[in-house]
Amino acid sequence: MATTPLVGRSGELAALTGALRDATGGGRILLMTGDAGVGKTRLLTEFAAHPPLRARFLLGRGSARGQAVAFGLLMEALDPGVRKLSADDLDRLARGRGRALEGIAPALTTGGGPADPPTRLAVLDAVAATIEALAATGALIVALDDVHQADPSTLEALDYLARNPPPARVLVIAVARSEALAADPALSALFDDLRKDDLAGSLVIEPLSRDQVGELIDVATPEPAALGFADWVWERARGNPLLTVALVEELGDHPGAREVPVGVKERARRLAGPLGPKDRAVLELAAALGHPFTLETAAALLDDPDDERRLDDLVRAGLLVTRTEDGTVSYDFVHPLVQEAIYDGIGAATRRSLHARIAATDVRAPLDVRAYHTARGALPGDHDAVALLWEAARADERSGSHREALTHLRAALRLLGQGADAERVDLLREIAWQAAIASDHTIGIAALEELEPLLGNDVRALAALKRQLASFLATGAGDLDAAAEAADDAVRLIAAGGLDDEFPRVLNELAWIKGEGGDLRAQIEGSGEAIRLAERGGDPVTAMHARGAHAHALGLIGNPVEAEAASRLAIETARGTGEAEQIGWHTGVLAEALLNGGRLEEARSELDRVLETPNPSDVAYFSRARLNWHLGRWAQALEDCRAIQAMHPVSPSIHATWTVTLAGAILAAMGRHDEAVAQVRVADRVYGDGEFYVFSAYHRWAAGWVSWLAGDLDRTSALMARACERLRAMHAWPVLAQILPDLIEVRIATGELSAAHRDGATMEEAAERSPDPFTQLHRAYARGVLERSHGDGSAGLGPLRSAADEARAIGARLLEARASEHLGAALSGADRIDTLTRAGRLFAAFPADALEARVVVALRGQGGAGRRAAQTIGALTPREREVAALVRRGRTARQIAEELHLSPRTVESHLAHIYAKLEIPGREALERSTGSPAR
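Residues numbered from 1 in each chain as written. Predicted model: local features only at pLDDT ≥ 70, side-chain atom pairs only at ≥ 80, totals over all residues. Heavy atoms only, no water.

## Remarks on the sheet that holds strand β1 (residues 28–34)
If you trace the five strands from one edge of the open sheet to the other, you get β2-β3-β4-β1-β5, paired in parallel fashion. If you trace the sheet from one side to the other, it starts and ends with β2 (56–61) and β5 (201–205), each paired once. Between one strand and the next, the sheet's axes are offset by a mean angle of 20 degrees, whatever the strand orientation. Sheet topology note: the β2/strand β3 (residues 140–145) ladder contains six bridges and is parallel. Residue pairing in the sheet places leucine 59 in a bridge with alanine 143 of β3. Where helix α3 (residues 72–83) meets the sheet, it contacts β2 and β3, and its direction lies at approximately 145 degrees from that of β2. (Pairing = 2+ DSSP bridges. Helix = DSSP H or I, 4+ residues; strand = E, 2+ residues; numbered from the N terminus. Axes fitted to C-alpha atoms, helices over the stretch in contact; angles between N-to-C directions. Contact = heavy atoms within 4.5 Å.)

In structure tokens:
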């Protein structure tokens, strides 16, 4: 399979170049697809040889072996670049954000390793940090070829990088075969989602045209082709370049073979046909090793030292290629299809024997690689092989690579022999547990279904299984009816077996399912009964879990006092167990109760304390994300949403997906509309037209904000109205009160005044049902907005002023800013300017560019004083940053004026704006400060 000049791909090369140029504002993903042999790898090779913008090109290629190695494909691409970083840059990366990759990225080693296993977010952020470091000195292209054979962690990283692009000119190209993509629902869904969300570009490599095939034949053959030959080849190969070249070469070797059908894999097998037995044995060993493999590895496996030379013969035969890097010689197949053809042609018994030999000999290989070969080389009943696969799964679990752990565990399951039911039960339970951590309810449910008949008449185990199945069905699949049925089965089993100690657990699960269906009262009653039974039975852990369900529902209906009490008892028990996840979970529930009760600063303190170090509970993060929305800590809120995404990569959890939409609302307010819409699409696919607990209402409310800021008020009204209907039906009064003012504002903007007043009446009902300070604050704001809608210039002053003052007192900065904006519009003269300026500065500090801009426009309409005030809002201008820097160096106003060629009066004007924007009293404070506000 000789290399020929590239033909007919100028458009595709231009598309790749354009994708890199489009990455100016941040990393971009390009999904390249096409049939096997259509020229995807060759196109990458050409692009690598002549990269635009002097970009660095890094390439990794997926393989069957690599699918078992966490981040294997990604690290194959990145590691050569990391090794070429300067010693200082490498040390800085290894000791900083990249530290979580120690043990994953070979080049990133400090010797000490992380003190604790890193969180998944830390690992994914370390991947992003590594890419940023590699792109620090120029454009970077990371090509992931044959991504249909990628490990799950690489796919998680691809999704993460698409949704959190590094701030550098980086193009990540993910290449997959069309037929392999169609056969892999998970990968196909990932590609489809990234395209639908506008997070990735798409490049489909089509077969060559008839004329291009003729051109390819001309450059591939030394002699002019016979008349009609190009037509004959084009009809046979249908424009597939690899098949075209293989067909031309076949006819060159065997002119009489024109009637013999030839495929790419068949051509590869024919290349190997003339090989003798020993050469073929070496080639088959290479195929079993996968790609790439080192000379050292091959030498350890070859029986005869002379066989090493046979590798060079295979290179000369056009089957293998070789390269030397840092003194290490490695071999690879000339094309993935060649390796697959050779591997497929190995008999099943020989293939198994090769893998077993590799697993036994290559003991210095990474554990995941040994596990891959062990899984394919061991026979059923091999206890040592099962033990090795268990070990690999535990190692992946420690690094947070739960999907790779599932791969090893399922392989171990296949290797269990007859009469190993006890081990099978243990494995299936472990698979179900790992699936729960990985948010993979499909594998979890399948494992439980396979486990059920193995439990025989063990009523206790069967009841526990049904309870776990109910959890998968509810919070994984969102199938509440099936979940309730499974939980009812558990109740019947417990009753029949007289297992009184199991009742609290299943009652609590049933309580959650009823709450998720919308019945908070049933959740409170069921979890309350579970608490009583657990305490009576001396089961503090189950009582702790039930208190979580109890407190969450109590907080939602407006009973923050009892919710707080239940949460604090649960946290006390959690601390006694030392389980960080449970501490985080119950602290998140406590914070929700404190937030709904108007104690925002206390909620912030509780959450910030528990999240000082990464926590495995997504509840802690999503509680803080919602709290930070109200506090105006939007950068932190986005980080919390990213943490949740990292916990549930690729397949979001139905109970946390609303945070994706919340991130969209924040991005929209920041003026990043396209990113916001992409986030909403993700959550739309999860919730669809259904309802799930309060989370679907959170999603529709936040999606309404995105539409609101895009100017689509009709859609906003419909989304927020449905969210409010759900919350009212659930009697979730505090949350309803937090959302209703938004709906009222939109109703007024669309002229639906009657509907707005009906919503106002609902607001009054919510305030009566939940008389906490936060709800009363929202009622005051809603009253002020409604009074303003009557058209009287001074209407609404009292409630709006009260809302702004109370919001400031409890730290609800978003509501303070919104109330101040409305209040400023109702005032006149200097009061109007001062109040609008306060609102604008608050919005700027979040930052909420879209909301800030609205206030700036209003100020500029207030004459010279308003225009001057508008200049004090937002980030420092480039000139203001220059002036501030000179002040910090001790320059006087006159010296600054001379240095910048300005008048002293202009410098004083700049200083006044700087003091206002930084909210500092004057020059002395500026000299002590370290920089301008973050934007």
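## What to know about unusual backbone geometry
The amide bond that connects phenylalanine 846 to the next residue, proline 847, takes the cis arrangement and shows omega of 0 degrees. Residue placement: proline 847 occurs in the loop between α42 (829–845) and α43 (849–860). Despite not being glycine, aspartate 146 has its phi angle at roughly 50 degrees, a positive value.

## A word on the packing of helix α13 (residues 277–289) against helix α15 (residues 307–316)
In a pair of packed helices, the angle between the axes and the distance between the axes together describe the arrangement. Packing of α13 against α15 brings their axes to within 9 Å, and their N-to-C directions diverge by 80 degrees. The pairing of α13 with α15 is recorded here as roughly perpendicular in orientation. Contact residues: Lys278, Asp279, Val282 and Leu283 in α13; Asp307, Arg310, Leu311, Asp313 and Leu314 in α15. For the contact of α13 with α15, the class distribution of residues is four nonpolar, no polar and five charged. (Parallel < 35°, antiparallel > 145°, perpendicular 65-115°, else oblique. Nonpolar A, V, L, I, M, F, W, Y, C, P; charged D, E, K, R; others polar.)

## Looking at helix α26 (residues 520–536)
Over its 17 residues, α26 extends 24 Å from the first C-alpha to the last, a length consistent with the 24 Å expected when each residue adds 1.5 Å. For α26, the complete set of buried residues consists of Leu520, Ala522, Gln523, Ile524, Gly526, Ser527, Gly528, Ala530, Ile531 and Ala534. Among the structural elements, α25 (503–516), α27 (540–557) and α36 (713–730) are those in contact with the buried residues of α26. At the N-terminal end of α26, a side-chain oxygen is found 3.4 Å from the backbone nitrogen of arginine 521, two or three residues along, and the residue is aspartate 519. Two residues or fewer after α26 comes glycine 538, characterised by a positive phi angle close to 65 degrees. (Expected span 1.5 Å × (residues − 1). Buried < 20%, exposed > 50% of the residue type's maximum accessible area, 1.4 Å probe, protein only. Polar contact = N/O pair within 3.5 Å; in protein donor to acceptor, adjacent residues only side chain to side chain.)

## What about the packing of helix α22 (residues 441–451) against helix α23 (residues 459–476)?
At a minimum axis separation of 10 Å, α22 and α23 run at an interaxial angle of 160 degrees. As far as their axial angle goes, α23 and α22 are roughly antiparallel. Here α22 runs over α23; the crossing is left-handed. Between α22 and α23, the residues in contact are His441, Gly444, Ile445, Leu448 and Leu451 and Leu465, Gln468, Leu469, Phe472, Leu473 and Gly476, respectively. By residue class, the composition of the contact of α22 with α23 is seven nonpolar, four polar and no charged. (Left-handed = near helix turned anticlockwise from the far one by under 90°.)

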